[in-house]
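Take a look at the letters that make up each chain.
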2 protein chains.
Amino acid sequence: MPNASRARFTALFDPRSVAVIGATPEPQKVGYSLMRNLLAGKPREIFPVTVSQTSVLGKRAYRSVLDIESPVDLALIAVRADIVPHVLTECGKKRVPFAVIISAGFKESGGAGIQLEEQIRAIAKKYKISLLGPNCLGVMNGRADLNGSFAADKPMPGDIAFVSQSGALGSALLDWATTHGVGFSKFVSLGNEAGLTELDFLDYLATDTESNAVLIYLEHVTDGATFMALAGRLAKKKPVVLIKAGRSARGRQAVASHTGSLAPEDAVFTAACRASGIIVVESLRELFNLARLFRMGIRQPLRRLAVLTNGGGPSVIAADLIDSSPSLELAELSETTKQKLRAVLPPMASVGNPVDIIGDGGASRYEAALGILINEKNVDAIMVMLTPQMMTETEKTAELLVSYAKKKPLLPVFMGGAAIQKGVARLEHRGLGNFWFPDDVVSALEALALGRAEGPAGPGYKKSAPASAPTTHAKRPVRLMDYSKTEKLLRRYGIRLDGAFVRSPKELPAAGKKLGKGPLAMKIVSPDVVHKTDAGGVVLNIADASAAAGAWEHIIHSVKKSYPKARVNGMVLQRMRNGKEVIIGMKRDPVFGPAIIFGLGGIFVEAMKDTALRVAPVNAKSANEMVREIKGFPLLKGLRGERPVNIAALEKLAVSLSRLALANPKISEIDLNPVIATAKEAVVVDARVILNS
Amino acid sequence: MPNASRARFTALFDPRSVAVIGATPEPQKVGYSLMRNLLAGKPREIFPVTVSQTSVLGKRAYRSVLDIESPVDLALIAVRADIVPHVLTECGKKRVPFAVIISAGFKESGGAGIQLEEQIRAIAKKYKISLLGPNCLGVMNGRADLNGSFAADKPMPGDIAFVSQSGALGSALLDWATTHGVGFSKFVSLGNEAGLTELDFLDYLATDTESNAVLIYLEHVTDGATFMALAGRLAKKKPVVLIKAGRSARGRQAVASHTGSLAPEDAVFTAACRASGIIVVESLRELFNLARLFRMGIRQPLRRLAVLTNGGGPSVIAADLIDSSPSLELAELSETTKQKLRAVLPPMASVGNPVDIIGDGGASRYEAALGILINEKNVDAIMVMLTPQMMTETEKTAELLVSYAKKKPLLPVFMGGAAIQKGVARLEHRGLGNFWFPDDVVSALEALALGRAEGPAGPGYKKSAPASAPTTHAKRPVRLMDYSKTEKLLRRYGIRLDGAFVRSPKELPAAGKKLGKGPLAMKIVSPDVVHKTDAGGVVLNIADASAAAGAWEHIIHSVKKSYPKARVNGMVLQRMRNGKEVIIGMKRDPVFGPAIIFGLGGIFVEAMKDTALRVAPVNAKSANEMVREIKGFPLLKGLRGERPVNIAALEKLAVSLSRLALANPKISEIDLNPVIATAKEAVVVDARVILNS
């Protein structure tokens, strides 16, 4: 839960006075870098605090933060971990509102570190100190010229915020960004999150007018439901790009071992983010490229692209990429535009899209074409490609682009090495930037279009009940709910389990009568038989109730071979049905709570992984989307004149299952499998409920 | 067809004497650049030929190539297009074996250019001149220090060959490569291919000992079958990476308009390349990254990766990417290795994989870890990640990597900007290189693994009969082969069309008897009814032959509503069958000839695009692969104890269809759809044969 007031953040991001606890004149130490970085920024009151020195970098040093006469807005702490509780207590007594603990040696190092972290958490709570860290890189504000970190670079001013659970990635991004002219508004390294978490900054950034776009690196999420609510609010106001580490099994292991936190399942996490309108990327390159795009002021999807080039080959590759993209298209140029282009370009030039001014074109030819293309209404943005050829004027062309970019979004792709370097530098330092390959432009624009198109799902997303106990992934015996309890539970949420439960063969005729005409199926009900089919616990195509007694015998006989001691509660008798096989399931994520999964049965789920997933609550709207999202949807809608199945009935099942899961936190998994969907109804043929063990 | 002898290529790639026809002292002209570039290389006899100057760049100029006393190996021609026939004739008379025509203004500019190109083609043939171009950048040989092009850069010596149908891409790649320390053996710009084509170079490079890897950029293919044969031979010897422009509809349009050539369908082309063992990439970034990999001497797949890093976050992202890759894996480090690492690294370091030496580690800590990891048998290559942090020693670490890379393949990923630039420069100029993001390493290694794993398909690929007339993509009425001809044609190739053809209701009882028990289906046979089902031309579930007469009436009645004038040849009566629906089809590509397509029916082909494709001839081996390649294969193999369908029968159909298509070039398309696959057989229920119109 967000736990720092808005006003407090000013103490973090633009403090009037900063105490550096652990300041030192030894250049290889963190405390030295902190002092140097702070002094290199906007003038503020800087108070070095050190036990042994009388001055640090020309500033009078204090023995304790308590010795400082003036008020202190922010304390940066870089002393040995075991001394941190002492200095933090002093900060509390001094009424320092905000502290950033850079020091490592806490939870991440295990053992005594875990206790130390608990200790500082308690101190911060007692004295109402807002705490960032420990074990973090620090904080920066490009707009307020504050580098409260030990990173060598300081960010250029910009309007992008970066929030990271990894300090190393922060350093790399910052170095890259500064080199390529990308600036930041806020730059936050979260560290161990003993105090403030990613949630506080999601909350803060929603109303931070200096940040127009947000980049986030996450390894774990503190609270799934709150995350979705806050991220959704933030993403409604500005683009939010998120890269999550620990998507794969090995990645999750790595994260768990170094943060000690449970990571959500990747599919659940991604579904949650997408539903909140967040742009999820899987690669660092994509993250960096989106930063480049934001730097150019591009924050809304641009779909219809023109390509302007001095070389055929690369532009055809670009055209291919754009044409293959689901969210972009090659703009259709109007006849007027083509005629105007023809008038100013040499006869060999191509005036379609791509517009190819050919290899011997210099800056003036680019300008002639740009002057026309920026007025073409069918074009949202122009990808300007340049390859180094004999007459190419890279720097002059770069200057041109800088000025034309004010009229229409331009996406420069200068390809090459040394020959174009000066032009690229000019682009980067004049507010544009360069994408080295057309692939980069296309993937960045596509990510933006996708993320912003789906948009936040809105009020459907309320706080979900947190899992009472996290699901673990180790193999242990599952606790299966028995048939009659399952049947009752489902019924309470309006889900009817098909068939008649029969305790003994004597009840068969009555059940048969109830089920009506047509062949029947029988399956065993036993707490000891998990894989019914494999154990011979299922008989299909039983002609009628009179043949059922034989089937009963047969089942008992078969099952006893594999499970000699199986307790038999009875059998379920069902009518055989024709229809489309569907699976609707629930799996409780340790962080995000119940996830509802929908897919076609058999091959579609197993081999094709063709499923849709939503974090509960699933409402009518999201159930509707889910069902239509799977690739196999046309099968449900009916192929070649076939009648569609009752899709509303399937949606209703998903919504009911979501309600059930939210209200019953002790259930870790439910499978309605198979559900037979017919034109009339959705019949739940079998259900399996697994309880937390 | 390859049309230049091996010996001749020496005249191109390492000529003793070169005539520059169109040499000039005017620096902005191509003829000047050619002279300058040649003179900057290894000493050779260079003869400027010019009508008006007496000397060019200090060399005595000739009026005609005929005036040169010594023999001339290579003529570089850069004069106005309309003068080219004249100077080429002179080259012929002078017995110059090889000519490169740089000049533009031929086929690519249409009109008179087309005739001019025919003219020079005839001259070259008459005088047996091997011709490169026209409209090309030229030729380079990094090993022999030859820059026979007008590109500003000259390539560094290396062992990568580049063959390109785009000059602009060549310039960009060359500039990039030279800046990043990537050298080339041969560098060929193909231009309009009036003489030599890509095929000649595929042929030549297979035995060129100076080239250990080949990069190709193609917009069109001269001859599909020969391409596959030569590419297959080349790819057996060295990795071949190919990027093709014009994959999308718009891209193909662009290529067609500027080369006037027919482009193969992308799916067919890709299938052909993969079958030949070629690594097909879709993005320029991937092409460039593979060049980087080859530069490092990595030409064989490396699967088991260790990640060594000084920062947690980026390495978790790398671990995710590796773990999610189908062809790579995070190596399992042995206990011994972990113990050794524990002994040399600080307690907070992580010794799993990724191995994290943590942020305060300098070069010596990288060295300690590397020294251990290079001896770990489970590791094929080490991705060495570096982020700029306080104690990071980029240059020293770069030096280290250069020396350790001799012992085990290292893949450096230094992430950042200015802070790491010097380290990156050191890597690049000492024979390694840097991948800026882990994504780049993973995608390059994956492409290599994929391409090399599939490998050339071997002798199954023979020359296919070229299409007698290329299939066009405009909508025109299709010419459908009639039922009895189709039935006969298929039978000739061992494909039996199911059911009995019945000319009149009187024949129904006999036909019913022949077909045996079980419900029947009836469908109309009419040259005028293309969409039988929609027109009511199909009746299913006819109880027996006696009910068939009614069905006949019903069909006639229904069809006449939509097609009042439909000619009715009769009906086909079939037994209804249960089984898996499959589609086997053929489509003739204008360049590669018949492509055979296999997929599951209905939704699988339509919505899931789950098909396998092979260029004919399809033999037993490739048919076997095809069937197993589709995602839906488990359905055919049988789910949950179901019996598998007769897969061999499906394979046989694909092979037969391939034979049929090769022998009947006038057929443009065949659909066997549906084919019902059962445990016993594969029944062709319907077939549609389309003829070239």
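Going by the structure above, here's the rest.
Small disclaimer: the values here were computed from a predicted structure and weren't measured.

### As for the interface of chain A and chain B
Argument step 1. In this assembly, 82 residues from chain A lie in contact with 82 residues from chain B.
Argument step 2. Taken over both partners, the interface formed by chain A and chain B buries close to 6,000 Å², and the fraction arising from carbon and sulfur atoms is 65%.
Argument step 3. Three residues, A:Arg250, A:Arg285 and A:Met390, lead the burial of chain A against chain B; their summed loss comes to 13% of the area buried on that side.
Argument step 4. A salt bridge links A:Asp440 to B:Arg285; the nearest nitrogen and oxygen atoms lie 2.3 Å apart.
Argument step 5. It is helix H11 (residues 312-324) of chain A that provides the largest number of residues to the side of chain A that touches chain B, a total of 10 residues.

### Considering the sheet that holds strand E2 (residues 45-49) of chain A
All names here are of chain A.
Argument step 1. As summarised here, the arrangement of the 5 strands in space is E2-E1-E5-E6-E7, forming an open sheet in which the pairing is parallel. Sheet topology places E2 and strand E7 (130-132) at the edges, where each strand pairs with a single neighbour. Here the strands of the sheet are splayed against their neighbours by 20° on average, with no regard to which way each runs.
Argument step 2. The pairing of strand E1 (residues 17-21) with strand E5 (residues 74-77) spans 4 bridges and is classified as parallel. The residue bridging Ile-21 from the neighbouring strand is Ile-77, located in E5.
Argument step 3. Each of E5, strand E6 (98-101) and E7 is contacted by helix H1 (residues 6-13), which is oriented at about 50° to E6, the strand it contacts most.

### Some thoughts on the environment of B:Val188
Residue and element names in this part refer to chain B.
Argument step 1. Position of Val-188 relative to the elements: it lies in strand E11 (residues 186-189).
Argument step 2. Judged by its relative accessible area of 1%, Val-188 falls in the buried class.
Argument step 3. Sequence-wise, Val-188 and Asn-141 are 47 residues apart; in three dimensions their C-alpha atoms are separated by 8.7 Å.
Argument step 4. If near-sequence neighbours (up to four positions away) are discounted, Val-188 is found in contact with Phe-13, Leu-132, Gly-138, Val-139, Phe-162, Val-163, Ser-164 and Phe-201.

### Let's talk about the relation of the copies chain A and chain B
Argument step 1. Laying chain A over chain B is done by rotating through 180° and shifting 0.0 Å along the axis; what remains is an RMSD of 0.3 Å. Expressed as a symmetry operation, the mapping of one chain copy onto the other fits a two-fold axis. Nearest to the rotation axis, the C-alpha of A:Met608 is located 4.4 Å from it, this being the minimum over chain A.
Argument step 2. Same-surface contact between copies: 100% of interface residues of chain A are shared with the interface of chain B.

### Thoughts on the pattern of salt bridges
Once the charged atoms of two side chains with opposite charge are near each other, the side chains can pair.
All names here are of chain A.
Argument step 1. Tallied over the entire structure, the rule returns 64 salt bridges over all chains.
Argument step 2. The shortest N-O distance in the salt bridge between Arg-496 and Asp-498 comes to 3.5 Å.
Argument step 3. A relative accessible area of 57% places Arg-496 in the exposed class.
Argument step 4. Residue Asp-498 is classed as buried on the basis of its relative accessible area, which comes to 3%.
Argument step 5. Through salt bridges with shared partners, a single network forms among Glu-395, Glu-399, Arg-426 and Arg-430.

### A closer look at the sheet that holds strand E24 (residues 570-575) of chain B
All names here are of chain B.
Argument step 1. Strand order across the open sheet formed by 4 strands is E21-E24-E22-E23, with antiparallel pairing between neighbours. Each edge of the open sheet carries a strand with a single partner, namely strand E21 (500-502) and strand E23 (538-542). Going from strand to strand, the sheet's axes swing by 25° on average, the running direction of each strand aside.
Argument step 2. Where E21 meets E24, 3 bridges bridge the pair, whose relative direction is antiparallel. Counted as the bridge partner of Ala-500 is Leu-573 from E24.
Argument step 3. This element, helix H18 (residues 508-515), spans E21, strand E22 (520-525) and E24 of the sheet and lies at about 25° to E24.

### Here's the deal with a positive patch on the surface
Argument step 1. On the surface, a cluster of positive charge is contributed by A:Arg479, A:Lys485, A:Lys488 and A:Lys666.
Argument step 2. By the element assignment, A:Lys666 lies in the loop between helix H23 (647-663) and strand E28 (667-677).

### Considering the pairing of E6(A)
Residue and element names in this part refer to chain A.
Argument step 1. Alternating residues of E6 divide into Phe-98 and Val-100 and Ala-99 and Ile-101, and every residue in both groups is buried.
Argument step 2. In this sheet, E6 lies alongside E5 in parallel orientation, the contact comprising 4 bridges. Within E6, the residue paired with Ile-77 across the bridge is Ile-101.
Argument step 3. What joins E5 to E6 is helix H3 (residues 84-93), and the crossover it makes is right-handed.
Argument step 4. Note that E6 and E7 share 3 bridges and pair parallel. Each residue of the ladder has a partner; that of Val-100, found in E7, is Leu-132.
Argument step 5. This β-α-β element, E6 to helix H4 (residues 112-127) to E7, shows right-handed connectivity.

### Quick look at unusual backbone geometry
Argument step 1. Cis geometry marks the peptide bond from B:Ala616 to B:Pro617; its omega dihedral reads 5°.
Argument step 2. Within the secondary structure, B:Pro617 is located in the loop between strand E27 (611-615) and helix H21 (620-629).
Argument step 3. Residue B:Pro674 is reached from B:Asn673 by a cis peptide bond, and omega for that bond is -5°.
Argument step 4. Note that B:Pro674 resides in strand E28 (residues 667-677).
Argument step 5. In this structure, A:Asn541 takes a positive phi of about 55° despite not being glycine.
Argument step 6. Turning to its location among the elements, A:Asn541 is positioned in strand E23 (residues 538-542).
Argument step 7. You will see that B:Glu193, though not glycine, has its phi angle at about 60°, which is positive.

### Brief notes about the pairing of strand E30 (residues 687-691) of chain A
All names here are of chain A.
Argument step 1. Here E30 lies mainly inside the structure; 4 of its 5 residues are buried.
Argument step 2. As judged from the 2 bridges shared by strand E20 (residues 479-480) and E30, these two strands associate in the antiparallel manner. Residue Arg-479 lies in a different strand from E30, and its bridge partner there is Leu-691.
Argument step 3. Two strands pair when backbone bridges link them, and E28 and E30 are joined in this way by 5 bridges, in the antiparallel orientation. Bridge pairing in E30 places Ile-670 opposite Val-689.

About the thresholds
Positions within a chain are numbered from 1, following the residues in the order the chain's sequence is written. Chain letters and ligand numbers both follow the written order, the letters beginning at A and the numbers at 1. Residue-level local features of this predicted model are given only where pLDDT is at least 70; pairs of side-chain atoms are given and counted only at 80 or more, and the full residue set underlies all totals for whole chains, interfaces and linings. Side-chain measures were taken over the full set of non-hydrogen atoms in the model, leaving aside hydrogen atoms and water. Whether two residues touch is decided by their heavy atoms; if any such pair falls within 4.5 Å, the residues are in contact. Two parts placed together each lose some accessible area under a 1.4 Å probe, and adding up what both lose gives the buried area. Any carboxyl oxygen of Asp or Glu that lies within 4 Å of a side-chain nitrogen of Lys or Arg is treated as forming a salt bridge with it. Working definition: helices are DSSP H or I runs of at least four residues, strands are E runs of at least two. Numbering for both runs from the N terminus. Following DSSP output, two strands are said to pair if at least two bridges run between them. Helix axes are fitted only over the stretch in contact, all axes being lines through C-alpha atoms; the angle between N-to-C directions runs from 0 to 180 degrees. Summary of the burial criterion: residues with accessible area below 20% of their type's maximum are buried, those above 50% are exposed, and those between are partly exposed, where the area comes from a 1.4 Å probe applied to protein chains only. All copies are superposed by least squares; the fitting set is the C-alpha atoms of residues with a pLDDT of at least 70 in both. Patch criteria: residues need more than 30% relative accessible area and no salt bridge. Like-charged residues are merged within 9 Å; nonpolar side chains of Val, Leu, Ile, Met, Phe, Trp and Tyr are merged within 5 Å. Note on areas: Shrake-Rupley, 1.4 Å probe, and residue coverage restricted to the protein chains presented here. Residues scored as charged are limited to Lys and Arg (positive) and Asp and Glu (negative), so that His and the chain ends carry no count. Taken as the charge location is NZ of Lys, CZ of Arg, CG of Asp or CD of Glu. By convention, orient the strands away from the viewer: a clockwise path from the first strand over the helix to the second makes the crossover right-handed.

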